[in-house]
Amino acid sequence: MDRRPLLLVFTAGIAVSLLLCAYGFHQATYQVFKEISISSNSLTLKNYCP
C-alpha cells in the first residue's frame, strides 16, 4: 500500500477519534464544590452545590 492512502486513512481515524472525544466532553455533566478542606488523613467536603 502506498503512503498517501495510508496517511489519509489514519488522519481520518484521528479526526473521528477527536470528534468522539469532543462530543463526549460536550455531553458530560459536572458538579461544583464550594469548599474543600483537606487534613492529614481525611477529605471533608463542605457546602455541596448540586
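See the structure above.
Residues numbered from 1 in each chain as written. Predicted model: local features only at pLDDT ≥ 70, side-chain atom pairs only at ≥ 80, totals over all residues. Heavy atoms only, no water.

Undergrad: Honestly, the overall build of the protein in this entry has me stumped. Any pointers?
TA: Counting its secondary structure elements, the protein contains one helix and two strands. Along the protein, helices (α) and strands (β) appear in the sequence α-β-β when read from the amino end. Out of the 50 residues belonging to the protein, those deemed buried represent 0%. On the protein, roughly 5000 Å² of surface is accessible, and the fraction owed to carbon and sulfur atoms is 65%. (Helix = DSSP H or I, 4+ residues; strand = E, 2+ residues; numbered from the N terminus. Buried < 20%, exposed > 50% of the residue type's maximum accessible area, 1.4 Å probe, protein only. Areas by Shrake-Rupley, 256 points an atom, 1.4 Å probe, with all protein chains shown as cover.)

Undergrad: What is the right way to read helix 1 (residues 3-27) from this model?
TA: For an α-helix the count is 3.6 residues per turn, leaving residues at separations of three or four pointing the same way. If you check helix 1, its first and last C-alpha atoms are 36 Å apart, about what 25 residues at 1.5 Å a residue would give, namely 36 Å. Counted residue by residue, helix 1 has zero buried out of 25 residues, so it is predominantly exposed. (Expected span 1.5 Å × (residues − 1).)

On their own, these measurements won't tell you what the molecule is for.
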